[in-house]
There are 2 protein chains.
Amino acid sequence: MTGPVGIREVAARAQVSVGTVSNVLNKPELVSARTLELVQATMDELGFVRNDLARQLRMGGGTTLGMIVLNVANPFWAELAHACEAAAETHGHTVIFGSSDQLDGREDRYIDLFEEQRVRGMLIAPLDGATERMNRLTRRGMPLVLFDIHAADGDVCSVALDGDVGGYLAVKHLLDTGRRRVAFLGGPLHQVEDRWKGALRAIDEVDGATLTHFDTADQTIADGRAMGDLIAGLPGDSRPDAIFGANDLLALGAMQSLVLADGVHVPRDIAIVGYDDIDYAASAIVPLTTIHQPREALATEAVRLVLDHAANGGVHEHEHLLLPPRLIVRASTAR
Amino acid sequence: MTGPVGIREVAARAQVSVGTVSNVLNKPELVSARTLELVQATMDELGFVRNDLARQLRMGGGTTLGMIVLNVANPFWAELAHACEAAAETHGHTVIFGSSDQLDGREDRYIDLFEEQRVRGMLIAPLDGATERMNRLTRRGMPLVLFDIHAADGDVCSVALDGDVGGYLAVKHLLDTGRRRVAFLGGPLHQVEDRWKGALRAIDEVDGATLTHFDTADQTIADGRAMGDLIAGLPGDSRPDAIFGANDLLALGAMQSLVLADGVHVPRDIAIVGYDDIDYAASAIVPLTTIHQPREALATEAVRLVLDHAANGGVHEHEHLLLPPRLIVRASTAR
DNA sequence: AGTCACTTTTGAAACGATTCACGATCCCCT
DNA sequence: AGGGGATCGTGAATCGTTTCAAAAGTGACT
């Protein structure tokens, strides 16, 4: 059992100085070919593994980003986290995650943790807009990017998907295919306000079209099913002929319920549009028309912003990106 | 803009030594009440945040665990990761994640990364059993726990769910409810061998019962749908009257396909059992009977083992836990 | 005043890497 | 032979903590 092998042990064994070993690791072009090979051989022989803690300490904080998502149980966030990890990797950075599970306490705890870890920056999907806490963070110089929120006023960067446009596209599509009585599934309303407004904008463009809000406490499949049951039970003439779910889980839940209901056919009697384009959307019972959120772009941009801020703290201008969503037409809204 | 504030700045401002400040942080009981309060006030005033990198460096590796999951896109792994995070938290540890996405390269890269980060131990869901790489890790003293694999021979700990029992329970239940021609959905076979064997064991107990293997390349909803279509198309008398999916996604996919098929009713004509009890299982079109894997127990035990190994490296005996799964009966197998 | 036991506080030495101002070599050219 | 420029290699200082032996302070008792 050999003791811990550090850069010093390697140096001693290879008969060079620690500085040279360090150069082999970080600036190989400064080292002659012979020494390079010698040192690398010695490293292999001794099974040297660079201690990243020491490295980061010396370099003043590291190549790590912290990310807080709302809820890993929601595929959208899981997929986004995954995309961010990939994006960070292309810049040679690592991401550590925390799931706030919609609890204030956990959000704060992760922020503390990330600060202690001296992360290079944070990517946060905030529970309720930018908190005072977060503003203080940026003021102290911590690069911060908020997801999915229009913090156009706060002094932080944000990357959001244009919910207004998304809502508009979804409902416009329903109207274009001849539907007129649209049900909007989702809540709490302030969390999905943009999508609602966009939906309303589309409705206003067509005479005789109506939009009804069906409020849900959460946004799970179960909530969707409950609403689906409700809608299926409505008398034929007041029953909507289209449903717009504020997220795919709601839409899928409603779809499940309707497909089983007697005398209701999807999409013939009721068309359905979801939101997020999670992986399951395409493989639903009736493949779900939905609004695709460009997750990769979102992730790429968020990572770009946070690293830019980290690199050029001085000249960094806060940006507020609003990415356009895209309509994906599938069977659930066929005529 | 004040410079970086470290333990030294706090000490200077509060007119005490750095040792005292450190004690306030780590062993408050050694510090007199007055000094404690003074130092804490100073910390607040200066906005001190402990540098965990330095802390961990000094303490020789940290309070961090590394976890590699097969695929975050699969809810089972996402939920397990989440459970491990929670379990580690109760021991004051943090978990950093990596998703191998079923690629050898990524698995190795994460192992390297974790080693450089000097994690306290690793939790790995391996692609293909314990690799030589992993054995070498343990030999060098890295605490390691493998998931869901019977590495009874390798010199590492493992925590697995008893797939044999799970398969047995699932098929026994189908037989108990009168079904006789059972289809086993899943593949590649070596990855689900235990479940298959358990299923076979149940079949052998009943005269006239048969088990047919329907191989799938992957284990997604889409694969399940494809198999469902296939099965729905079989002539009535050779068509199975029950399906056992090697995971919930397969079972759900098959269910979706069958529910839409003319003249096939679930569970009347074909009963379905899944495996994993992911969150969506309960809220499927027809709530899915499934084998519940005790995720929390799995996570708790895995974390316990890895930390035990880390704490008592010397006297640590490798354990190979096999946790019993549980049958959850829902509508998809009603008589 | 001196001793003893006990509680607090001190400050220098790690932990393992990176940095950087210098010194050492080597090669070519006049 | 000597000067000039690259090219390589050196090693002490440093990052911000924790640790720990020893010093200092505090009371009580002889």
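See the structure printed just above.
As the structure is a computational prediction, the values presented were derived from the model and not from experiment.

Parameters and conventions
Residues numbered from 1 in each chain as written. Chains lettered and ligands numbered in written order. Predicted model: local features only at pLDDT ≥ 70, side-chain atom pairs only at ≥ 80, totals over all residues. Heavy atoms only, no water. Salt bridge = Lys/Arg side-chain N within 4 Å of Asp/Glu carboxyl O. Helix = DSSP H or I, 4+ residues; strand = E, 2+ residues; numbered from the N terminus. Buried < 20%, exposed > 50% of the residue type's maximum accessible area, 1.4 Å probe, protein only. Least-squares fit on C-alpha atoms with pLDDT ≥ 70 in both. Core = buried A, V, L, I, M, F, W, Y, C linked by side-chain atoms within 4.5 Å. Contact = heavy atoms within 4.5 Å. Pairing = 2+ DSSP bridges. Axes fitted to C-alpha atoms, helices over the stretch in contact; angles between N-to-C directions. Buried area = accessible area lost by both parts, 1.4 Å probe. Polar contact = N/O pair within 3.5 Å; in protein donor to acceptor, adjacent residues only side chain to side chain. Nonpolar A, V, L, I, M, F, W, Y, C, P; charged D, E, K, R; others polar. Near = heavy atom within 4 Å. Expected span 1.5 Å × (residues − 1). Phe/Tyr/Trp six-rings, centres within 6.5 Å; stacked < 30°, edge-to-face > 60°. Lys NZ or Arg CZ within 6 Å of the ring centre and 35° of its normal. 1 Å grid on protein atoms, 1.4 Å probe; cavity = no way out; pocket = protein on both sides within 12 Å on 5 of 7 lines; lining within 4 Å. Points joined across faces, edges and corners; volume = space filled by probe spheres on them.

(A) Layout of the pattern of salt bridges. Applying the stated criterion across every chain yields a total of 36 salt bridges over all chains. When the shortest N-O distance is used, the salt bridge between Asp-112 of chain A and Arg-133 of chain A registers 2.6 Å. Pair noted here: Asp-112 of chain A is in helix 6 (residues 104-116) and Arg-133 of chain A is in helix 7 (residues 132-139), with a separation of 21 residues, a long-range link. The partly exposed category is assigned to Asp-112 of chain A, whose relative accessible area is 37%. Asp-52 of chain B serves as the salt-bridge partner of Arg-55 of chain B, at 3.7 Å between the closest nitrogen and oxygen. Note that Arg-55 of chain B and Asp-52 of chain B are positioned in helix 4 (residues 52-59) at a spacing of three residues, about one turn of the helix.

(B) The relation of the copies chain B and chain A, seen in detail. Mapping chain B onto chain A calls for a rotation angle of 180° and an axial translation of 0.1 Å; the resulting RMSD is 0.2 Å. Taken together, these values place the two copies in the relation of a two-fold axis.

(C) Layout of the nonpolar core. One finds Met-67 and Phe-147 of chain A together with Met-67 and Phe-147 of chain B to be the most contacted residues of the largest nonpolar core, which totals 113 residues. With residues up to four places along the chain from it excluded, the contact list for Met-67 of chain A reads Leu-80, Ala-81, Cys-84, Val-95, Ile-96, Phe-97, Gly-98, Phe-114, Leu-123 and Phe-147 of chain A. Val-156 of chain A together with Phe-114, Val-119 and Met-122 of chain B belong to the second largest nonpolar core, which has 29 residues in total.

(D) Structural view of the sheet that holds strand 12 (residues 326-328) of chain A. Residue and element names in this part refer to chain A. Taken together, the six strands give an open sheet; going across it, the order is 7-6-8-9-10-12, and neighbouring strands pair in mixed fashion. Bordering the open sheet on either side are strand 7 (210-214) and strand 12, each of which pairs with just one other strand. Taking each pair of neighbouring strands and ignoring which way they run, the sheet shows an average axis angle of 20°. When strand 6 (residues 181-185) meets strand 7, the two strands line up parallel, connected through five bridges. Residue pairing for strand 7: Ala-183 is matched across the bridge by Thr-212.

(E) Quick peek at the interface of chain B and chain A. Residue-level contacts link 43 residues of chain B with 42 residues of chain A. When the buried surface of chain B facing chain A is broken down by residue, Leu-53, Tyr-280 and Ile-285 of chain B rank first, second and third, together holding 17% of it. We note a salt bridge from Glu-89 of chain A to Arg-109 of chain B, for which the minimum N-O separation is 2.5 Å. Taken together, the links from chain B to chain A amount to 14 residue pairs in polar contact (both at pLDDT 80 or more). Ranked by residue count, the leading element in the side of chain B that touches chain A is helix 6 (residues 104-116) of chain B, at six residues. For the side of chain B that touches chain A, the residue count by class is 19 nonpolar, 11 polar and 13 charged.

(F) Structural context of the protein's contact with DNA strand C. Taken together, 26 residues surround DNA strand C, and among them Ile-7 and Arg-58 of chain A together with Ser-17, Thr-20 and Thr-35 of chain B come closest. Protein-adjacent atoms of DNA strand C, using a 4 Å cutoff, are sugar or phosphate at a proportion of 64%. Between DNA strand C and Ser-32 of chain B there is a distance of 3.1 Å, counted from a phosphate oxygen to a side-chain nitrogen or oxygen. Breaking the surface near DNA strand C down by element, the ones donating at least two residues are helix 1 (7-14), helix 2 (18-26) and helix 4 (52-59) of chain A together with helix 2 (18-26) and helix 4 of chain B. Counting residues per element, the surface near DNA strand C draws most heavily on helix 4 of chain A, at five residues.

(G) Expanded view of helix 8 (residues 163-176) of chain A. All names here are of chain A. The terminal C-alpha atoms of helix 8, which comprises 14 residues, lie 20 Å apart, in line with the 20 Å expected from a rise of 1.5 Å per residue. Residues Gly-163, Gly-166, Gly-167, Tyr-168, Ala-170, Val-171, His-173, Leu-174 and Leu-175 constitute the buried set of helix 8. A side-chain oxygen of the first residue of helix 8 lies 3.1 Å from the backbone nitrogen of Asp-164; this N-cap is Asp-162.

(H) A look at the packing of aromatic side chains. Under the criterion given, the structure shown has 11 aromatic pairs over all chains. Aromatic side chains Phe-76 of chain B and Trp-77 of chain B sit 5.3 Å apart centroid to centroid with 70° between the ring planes, which places their arrangement in the edge-to-face category. Accessibility expressed as a relative area gives 8% for Trp-77 of chain B, which makes it buried. Ring pairs connect the aromatic residues Phe-184, Trp-196, Phe-244 and Tyr-275 of chain A, which therefore count as one cluster. A cation sits over an aromatic face here: Arg-195 of chain A above Tyr-275 of chain A, 3.8 Å from the ring centre.

(I) Spotlight on the pairing of strand 10 (residues 289-292) of chain A. Residue and element names in this part refer to chain A. Sheet topology note: the strand 9 (residues 271-276)/strand 10 ladder contains four bridges and is parallel. Its bridge partner lying in strand 10, Gly-274 is registered against Thr-290. Both strand 10 and strand 12 contribute to a ladder of three bridges, which runs antiparallel. The residue bridging His-292 from the neighbouring strand is Arg-326, located in strand 12.

(J) Broad picture of empty space enclosed by the protein. Taken as a whole, this structure holds three cavities of 30 Å³ or more when the rule is applied. Estimated volume of the largest cavity: approximately 290 Å³. Contributing to the lining of the largest cavity are 18 residues, with Val-72, Ala-81 and Phe-97 of chain A together with Val-72 and Phe-97 of chain B lying nearest its centre. Elements supplying a minimum of two residues to the lining of the largest cavity: helix 5 (75-90) and strand 2 (94-99) of chain A together with helix 5 (75-90) and strand 2 (94-99) of chain B. Here the lining of the largest cavity is composed, by residue class, of 10 nonpolar, six polar and two charged. Considering the residues around the second largest cavity, the lining is formed by 18 residues, among which Ile-221 and Gln-256 of chain A together with Ile-221, Leu-252 and Gln-256 of chain B are closest to the centre. Contributing elements (two or more residues each) for the lining of the second largest cavity: helix 11 (248-260) of chain A together with helix 11 (248-260) of chain B. Its residues assigned to classes, the lining of the second largest cavity shows 14 nonpolar, four polar and no charged.

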